[in-house]
Each structure stands twice: as C-alpha cells, then as structure tokens.
Amino acid sequence: MHHFSYKHGQLHAEDVPLSQIAEQVGTPTYVYSQATLERHYRAFSEAFGGLDTLICFAVKANSNRAVINTLAAQGAGADIVSGGELTRSLAAGVPAERIVYSGVGKTVAEMEQALDAGILMFNLESAQELEVLNQVAGRLGVKAPVSLRVNPDVDAQTHPKITTGLAKNKFGLDMELAFGKYQEAAKLDHVELKGISCHIGSQLTKVEPFADALERVAVLIGRLKGAGIELSLLDLGGGLGINYNDEQPPSPAQYAEALTERIGSLGLKLVLEPGRAIVGNAGVLVAKVLFTKDTPAKHFIVSDAAMNDLVRPAMYDSFHAILPVMEDPSRPKVVADVVGPICETGDFLARDREMPDLERGEFLAALSAGAYGFSMASTYNSRPRAAEVLVNGDRWSVVRTRETVEELMRGESLPEWME
Ligand SMILES: *Cc1c(COP(=O)(O)O)cnc(C)c1O
C-alpha cells in the first residue's frame, strides 16, 4: 500500500498534487511519501513483533538523509555497504549500534571508520577480509564484531542480475568453507564472533527461497554450536519483492509467518535488511513530456527523465507503471515507448507499453521508483541529477536540490601545460 493516488483528477502524493511540485521544483524530480515509508517500516516491525528483531534499512536502496532519518525515527537501523553510507546513516541519526556493514569489498579506511564509529556488526565475505579486519582492529586496540556472510546456494528466482545467493555469485562464503572459517575466526584476537548472515537476492516474490536459505543457515548454526561457537545474531538480509506490475510478492506479514517459528527455535536475535520493500513504492519519478514522435515502427514519448535518472529499465528490463499526472479517462490509449534524451538505445522508461496518449508539455509519473532510483542515478550526458522532495500530508519540502552543471564540473581542471 502506498499513498500515491488520483484525487480530483490529479495524481497526488498524500495530499499534495504532483503538478504543484513539478511546477515549482521543475522536472525530473523524485517525490517520496513519508507516510508510506513509515507504514512500510511498521509493516515489518509489526510482522516480526513476536521476535527480538532489528530492522536495518538497506541504505543503498535510497540514501537520501530525509528518508533514512524518517526510518531512524521509527527505530530502524541501517545496512550499509560503504563508508559513504556510514557517514550518511550517522548524519541521519541512526545510532552506530544499529548499523550493520555488508559488502564484498571494504577498504582498510572504511573498516577503520566503522570500528571508530562502533557499529553493531561487520558482515564479512571472504577469508582475506576477515584477516585484514582482524589486523585493523588490532592496530586500533579494539575487537571487531563480525558475522560471516554465507552463500546458501539457493535460487532466489529473480532477475539474474539481482540474484546473490547462488554458488556462482560473488557474494558470501561457501557453506562448507564457512564452518572452517568460523573455527579460525574464533581463534583470532581482535575479532568477536557475533552472528551469521546471508542475503540471497532482491525482488523475491516467493517465500520458499527465504525458507530454504534459513534452513541451510540453521543447519550451520547447529554445527557451530556443536563445535562450541555460540552466535547471538542471525542476519537474514533483505530481498523481499514489491509490486511493480502484476507481481504478487508476499507481504511482510506472510514473510514473517513463513520464517518466525524456525527463527524462534534458534534463539538468536534477528536482523533484517529490507530496502526495496520499504522504499520502492514510497517514491515516484515525476517528469515532463518533451516531445512525442511517430516512426513507421513506433510511437515515442520523449520525457525529460532518462536512464541516468532511473536506470532500472535499461539495466534490469524492469517495469515501472507510467501515469499521466492529470487523469483523463476519456483520452485514447496508444502503444508507446517512453524514452529519455540520452544518446543510447537502452535509454527508456517503458517499452511497447499500452498507455494514455501523453502530450507534449504534460507531466508524467514513473511509479515504484523509490528504491534504486535516485541512489543509482548518474550524470551521464552531463545531466545534473534530479531534485528530491519529501511529502508529509499536505506539506512538502525539497530534500535535495537539483544538481547544477557547475557542481558537475567542480573538481575538473586543465593540466598546467594546457593553461
Ligand atoms: C541490496 C542488499 C539488501 C537490500 O535488498 P532489497 O532487495 O532492497 O531488500 C540487503 N542486504 C544486502 C547485503 C544487500 O546487498
């Protein structure tokens, strides 16, 4: 459920007409609904209410500080994958003891930063990473809280580019190897074994792969216990899918129902790292139709938002519903490609889509753009990144100003021999 709907013939974010934002802030602009963010967070926290659970929002899905702040105020922690995300999360008010650090390639500087901050846990993905973190922690005179991320080798049944828990993926440690690594880690002086983690992929629309992964991890937890290694945290990652088009992903409640009993039997504190499920349907990308054009093969709608603003269609062939901001049920439907101004054939927001025949100058909204939207934006074609707006009831505020071309060129200079 989200709070974007037509009222009085106009698409609104909560009680604010999107046209009002588009006219004042310009386009393209990301618009987030605070009520939706809070609602989605609560859906998780209530679903897992029967267990001791920490919900760490996956900051890479949407790194805007106002978004992180909204969730932090609800009690969320953060799942981070870089020093930059650590800085943002702390700045947005996430307490360090609610931050878990994932990712396959942490630098020494990032390890130091996170140890200094005092985060809850590092999720480690390789033997070398464990060795290096042990050294870094030793140098700083602290113990690094760690979990090993295991790769349970289950098929998440999602898009191949967002599957992470198969043996051939770069993520995590092989289950068999992990057992040995835990035993080695237990002997290290500057590491404290806290937990075990896995994350099998994103946009999962079934609970079975989660349950399979949990079962495999549970077996390893049992083996570790038998070997005298007691853990306190079980991090099951993120990955719960959302409805973009006609998917029917499990709700957080159904997801919790499928897992709660097994998790409860393990007696560990649960950590979850949802990203998309919290923020995906809490944001839209508002754009303007620059032109329409017909070729013998197709009808094109050229929008001022492009793949640099929202790369998911180009990168994952993903579906975003495209709606006119002004509703007009009487207008004819066409089959169109909605494309951006970028000089790439892959630059599209929708392809062969049956949709209302949008006209030059009007506003459109690409729905479900709150996750992996702005956070994956680039400045390709020297296009400054979009503005971001947060709506709360009938109030709204720009939470990131539109980037300028001057900002894009900042830091560039000519070598002395060209001056
Ligand atoms: C990307 C990622 C997440 C969030 O995934 P969603 O599908 O957005 O929920 C959580 N944990 C890890 C380790 C990730 O890489």
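On a predicted model such as this, the values are computed, not experimentally measured, just so you know.

Caption draft 1: Spotlight on the site of the ligand. Around the ligand there are 14 residues in total, and Lys-60, Ser-202, Glu-273, Arg-276 and Tyr-372 lie nearest to it. Within the side chain of Lys-60, one N or O atom sits 2.7 Å away from an oxygen atom of the ligand. Separating a nitrogen atom of the ligand from a side-chain N or O atom of Asp-79 is a distance of 3.2 Å. Protein chains bury 93% of the 380 Å² of accessible surface belonging to the ligand in isolation. Of the residues in the shell around the ligand, the class split is three nonpolar, six polar and five charged.

Caption draft 2: Seen up close, the domain arrangement of the protein. Looking at the assigned domains, one finds that the protein contains domain 1 (4-31 + 280-408) and domain 2 (34-277). The C-alpha-based centres of domain 1 and domain 2 are spaced at 32 Å. On the side of domain 2, 21 residues touch domain 1, which itself brings 22 residues to the contact. Considering only the surface of domain 1 that becomes buried against domain 2, Tyr-316, Phe-319 and Tyr-372 emerge as the three largest contributors, covering 29% of it. Linking domain 1 to domain 2 there are zero salt bridges. Sorting the residues of the side of domain 1 that touches domain 2 by element identifies α11 (312-316), β20 (387-392) and β21 (395-400) as the ones contributing at least two each. Per-element tally for the side of domain 1 that touches domain 2: the top contributor is β20, with four residues.

Caption draft 3: View of the side chain of Gln-10. Positionally, Gln-10 belongs in strand β2 (residues 10-13). Within polar-contact distance, the side chain of Gln-10 engages the side chain of Ser-19 at 2.9 Å. Setting aside anything within four residues of it in sequence, one finds Gln-10 in contact with Ser-5, Pro-17, Leu-18, Ser-19, Val-325 and Met-326.

Caption draft 4: Geometry of the packing of aromatic side chains. Scanning the entire structure with this criterion turns up six aromatic pairs. Both rings, one in Tyr-30 and one in Phe-374, keep their centres 6.0 Å apart while their planes meet at 85°; by these two values the pair is edge-to-face. Here Tyr-30, found in strand β4 (residues 29-33), pairs with Phe-374, found in the loop between β19 (363-366) and β20; they are 344 residues apart in sequence, far enough to count as distant. Taken individually, Tyr-30 and Phe-374 each receive the classification buried, so the pair is uniform in this respect. Relative to Tyr-255, the ring of Phe-44 lies with its centre 6.2 Å away and its plane at 75°, an arrangement referred to as edge-to-face. Within this pair, whereas Phe-44 is found in helix α2 (residues 34-47), its partner Tyr-255 is found in helix α9 (residues 252-266), the two being separated by 211 residues in sequence. Judged by relative accessible area, which is 1%, Phe-44 ranks as buried. Each member of the aromatic cluster is reached from another via a ring pair, and the members are Phe-44, Phe-48, Phe-210 and Tyr-255. Above the plane of the ring of Phe-179 lies Arg-223, whose end atom (NZ or CZ) is 3.9 Å from the centre. Above the ring of Phe-319, the side-chain terminus of Arg-353 is found at 3.7 Å from the ring centroid.

What counts, and where the lines are drawn
- Residues numbered from 1 in each chain as written.
- Predicted model: local features only at pLDDT ≥ 70, side-chain atom pairs only at ≥ 80, totals over all residues.
- Heavy atoms only, no water.
- Near = heavy atom within 4 Å.
- Polar contact = N/O pair within 3.5 Å; in protein donor to acceptor, adjacent residues only side chain to side chain.
- Areas by Shrake-Rupley, 256 points an atom, 1.4 Å probe, with all protein chains shown as cover.
- Nonpolar A, V, L, I, M, F, W, Y, C, P; charged D, E, K, R; others polar.
- Domains from an automatic or database assignment.
- Contact = heavy atoms within 4.5 Å.
- Buried area = accessible area lost by both parts, 1.4 Å probe.
- Salt bridge = Lys/Arg side-chain N within 4 Å of Asp/Glu carboxyl O.
- Helix = DSSP H or I, 4+ residues; strand = E, 2+ residues; numbered from the N terminus.
- Phe/Tyr/Trp six-rings, centres within 6.5 Å; stacked < 30°, edge-to-face > 60°.
- Buried < 20%, exposed > 50% of the residue type's maximum accessible area, 1.4 Å probe, protein only.
- Lys NZ or Arg CZ within 6 Å of the ring centre and 35° of its normal.

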